[in-house]
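Residue strings, one per chain:
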Amino acid sequence: MTYGRYNEAKAEAYSNRVISDRVALSVEAQYRRGDGWRRDITNNNRRVGDYENWSFRLGMKAELTDTIEILLRYKHSDVDDPSTMLASTLETSDFGLGAPFGGIPGTYTTAKNRIASGSVAELMRANTDVLQGTVRADLGFADLTSYSQYRSENTDMSQDLDYSGLDLFQLGLPNRNETWSQEFLLTSKAGSRLQWTAGLFYFENTDTYITFIDNFGNDPNSRVRLGGSSTTVKSYAAFLDATYEFTPQLFLTLGGRYSRDKVVDAYWNRQFVATEVPVPSISNDKFTPRAVLRYKPTDQTSIYASFTKGYKAALLDVGGSCQTPATNFVCNDVRPEDINAYELGFKYEDRGLSFEAAAFYYDYKNLQVSIFRTATAELINAATSEIYGLDGSVRYEVTPGFQINAGASYVHARYKRFNNAPIYVRCTEAPPEYAATCGAGVTFVVVPTTLEDVTMQRTPEFTGFLGARYETEMAGGELALSGNLFYSSSLFFGPSGIQFRQGGYETLALRAQWSGPDARYHVALFGDNVTNSRYRTQAQYSSYGMGANWSQPATYGLEFGVKF
């Protein structure tokens, strides 16, 4: 159990029960609630961010025979947490103020702990059920594993897209999502120089959105139907991966995956009348290989080089461009995303010291990017982009009771050429052909611009961390002190990679825990973001206004746990 700042309370419980020598049951439950840390300036509501989430999971593991075992799980979760919907007005050094109409005093706030939500409250509620089944069988020559999953999620969201108290446009966005997946893995037995894994995979997802105008309320009787969309994605894949040991020091891995992806039963709803407009199905297939060469000079060191070809299937933009008058209701051609990934790495572990480092290069084609206009989120392709860099981490055990760890990453991520990159411009500054679309509460328009060699969205150039843990005996138990410092350099949230800058920031987490004899119970004092570093976690952009989601202030609390 945990209690912390802003009246945040958490409780978790887990239990296992052995039914017989072949059957065991498990039960897990979680609960979390709090007041949130934001205040609404329109009505002085200090609990606008109230949340309450809970979940439980049931499991059963059974050995049917000496060679076959099954694991069955069911999980239900319920979320009532508007946090991700609560945003103040965005203001950045590169873009300026993102308030509607240039900012009407009293209708907006850029304060980190404040919002101006207008007359209709934001909400985000989700109800999720997940069924999972795993079957493992020893076939003698190989091991067969089957993974089956069904997931059903119903979500309801209501978000103020002008991020002010003006009530220009509040979007209601219920979503029904249903997913089926099935995977079979056949894995060779250990002991031979050739190790392999073969598999089959099936995935099906139906994603249905219904959009509403929530300006008059977000209850069923107040909402005004706007539109909606739906797609069903089906994916089939077969793959084979094999590693051969040429010598005890030299290994070669070759693999390949053939995928076929389809988007079927797609449609979008005409605004206000909800008529379904069917969209032709699409399909594409791809073979993606990979290769890894690994060399072990000693038992403590390893060097590897790898090549992997990645792929993300084409999409139907039924929720965006298909229903946008600006495109004449023609869907964007969102092509498959391809990546060639190269990596060279080194690993070492001996006498309490472990170290690993890697250099990488990723070459993207047709990177899929989202943009937001009035009431739609559109998908487009960034023509070409590349990422290369270095990352590494080290861990050292100074003594059996004192360990330190550190890591860093340098990433050079660029859109090499981005045709029609979305640049958000104020209506008062837009070219005439784009300014003509302003009106009806619109303050910002998207101006397509060709960009070359610009930073990629949400990609800091440098990140790093430094952590330590110290353990010692105390009062018949064990005292553990730990801390972690994280740093990130600046980044841009805008889809073009050059707008909505977030400067560099750092966070520090600290924890002191005392565990009783045999670790049956513990008590802990913790603090997260103890330096109260405030930074944007997201920038929200639309034609009505720009919003900013901020990191949580410094939090602290007490935790108590017991094992029976």
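Structure shown above.
These remarks concern the structure in this document. Since this is a predicted model, take the numbers as computed values, not measurements.

Of all hydrophobic cores here, the largest spans 47 residues; its most connected members are Phe169, Ile387, Tyr415, Phe418, Tyr424, Phe500 and Met546. Those elements that provide at least two residues to this core are strand S23 (337–350), strand S24 (353–372), strand S25 (377–399), strand S26 (402–426), strand S27 (444–455), strand S34 (536–541) and strand S35 (546–550). Among the elements that make up this core, the one with the highest residue count is S26 (8 residues). Setting aside residues no more than four positions away along its own chain, phenylalanine 418 makes contact with Val369, Ile380, Asn381, Ala382, Ala383, Thr449, Thr450, Leu451, Pro495 and Ser496. Formed by 8 residues, the second largest nonpolar core is a distinct cluster that contains Trp268, Val279, Val318 and Cys322.

Further remarks concern the packing of aromatic side chains. On inspection of all chains with the given rule, the structure shows 21 aromatic pairs. The interplanar angle of 50° and the centroid separation of 4.4 Å between the aromatic rings of tyrosine 150 and tryptophan 180 together place this pair among those described as tilted. Taken together, the residues span a long stretch of sequence, with tyrosine 150 in strand S12 (residues 142–160) and tryptophan 180 in strand S14 (residues 175–188) at a distance of 30 residues. Measuring from ring centre to ring centre gives 5.6 Å for phenylalanine 500 and tyrosine 541, while their planes differ by 15°; the resulting arrangement is stacked. Of this pair, phenylalanine 500 sits in the loop between strand S30 (491–492) and strand S31 (501–502) while tyrosine 541 is found in strand S34, placing the two residues 41 residues apart along the sequence.

Across 12 bridges, strand S3 (residues 23–34) lies against strand S5 (residues 51–63) in antiparallel orientation. Counterpart to glutamine 30 in the pairing with S5 is serine 55. Sheet analysis places S5 next to strand S6 (residues 68–80), joined by 12 bridges and oriented antiparallel. What sits directly across from glutamate 52, in S6, is aspartate 80.

Turning our attention to the sheet that holds S35. Pairing is antiparallel across the open sheet formed by 3 strands, whose spatial order is S7-S35-S34. With one partner strand each, in any of the chains shown, strand S7 (88–89) and S34 form the two edges of the open sheet. Bridge count for S34 against S35 is 5 bridges, and the pairing is antiparallel. Along S35, the bridge assignment pairs glutamine 540 with glycine 547.

Following the criterion strictly, the structure yields 1 disulfide and no others. Across a sulfur-sulfur distance of 1.9 Å, cysteine 427 and cysteine 438 are joined as a disulfide pair. Given an S-S torsion of about -95°, the disulfide between cysteine 427 and cysteine 438 has left-handed geometry. Of this pair, cysteine 427 sits in the loop between S26 and helix H1 (432–435) while cysteine 438 is found in the loop between H1 and S27, placing the two residues 11 residues apart along the sequence. Judged by its relative accessible area of 16%, cysteine 427 is buried. Taking relative accessible area as the criterion, cysteine 438 reaches 23% and is therefore assigned partly exposed.

This next bit is on the pattern of salt bridges. Charged atoms that come close allow side chains of opposite charge to pair. As enumerated under the stated definition, the model contains 24 salt bridges in all. Here aspartate 66 and arginine 22 are joined by a salt bridge, their closest N and O atoms 2.7 Å apart. With aspartate 66 in the loop between S5 and S6 and arginine 22 in the loop between strand S2 (8–18) and S3, this pair connects stretches of sequence that are 44 residues apart.

A positive phi is found at aspartate 518, a non-glycine position, where the angle reads about 60°. Structurally, aspartate 518 can be placed in the loop between strand S32 (505–515) and strand S33 (521–528). Among the residues examined, aspartate 518 registers a relative accessible area of 74% and is labelled exposed. Positive phi, close to 55°, is recorded for alanine 519, a residue that is not glycine. Residue placement: alanine 519 occurs in the loop between S32 and S33. Residue class for alanine 519 comes out partly exposed when judged on its relative accessible area of 40%.

Relative to the helices and strands, glutamine 540 resides in strand S34. Given a relative accessible area of 18%, glutamine 540 falls into the buried group. One polar contact links glutamine 540 to asparagine 549, side chain to side chain, over a distance of 2.7 Å. Contacts of glutamine 540, omitting those with residues within four sequence positions, involve Thr84, Gln159, Tyr163, Gly545, Met546, Gly547 and Asn549.

Basis of the calculations
- Residues numbered from 1 in each chain as written.
- Predicted model: local features only at pLDDT ≥ 70, side-chain atom pairs only at ≥ 80, totals over all residues.
- Heavy atoms only, no water.
- Core = buried A, V, L, I, M, F, W, Y, C linked by side-chain atoms within 4.5 Å.
- Buried < 20%, exposed > 50% of the residue type's maximum accessible area, 1.4 Å probe, protein only.
- Helix = DSSP H or I, 4+ residues; strand = E, 2+ residues; numbered from the N terminus.
- Contact = heavy atoms within 4.5 Å.
- Phe/Tyr/Trp six-rings, centres within 6.5 Å; stacked < 30°, edge-to-face > 60°.
- Pairing = 2+ DSSP bridges.
- Disulfide = S-S within 2.5 Å.
- Salt bridge = Lys/Arg side-chain N within 4 Å of Asp/Glu carboxyl O.
- Polar contact = N/O pair within 3.5 Å; in protein donor to acceptor, adjacent residues only side chain to side chain.

Treat this as a map of the structure, not an account of what it does.
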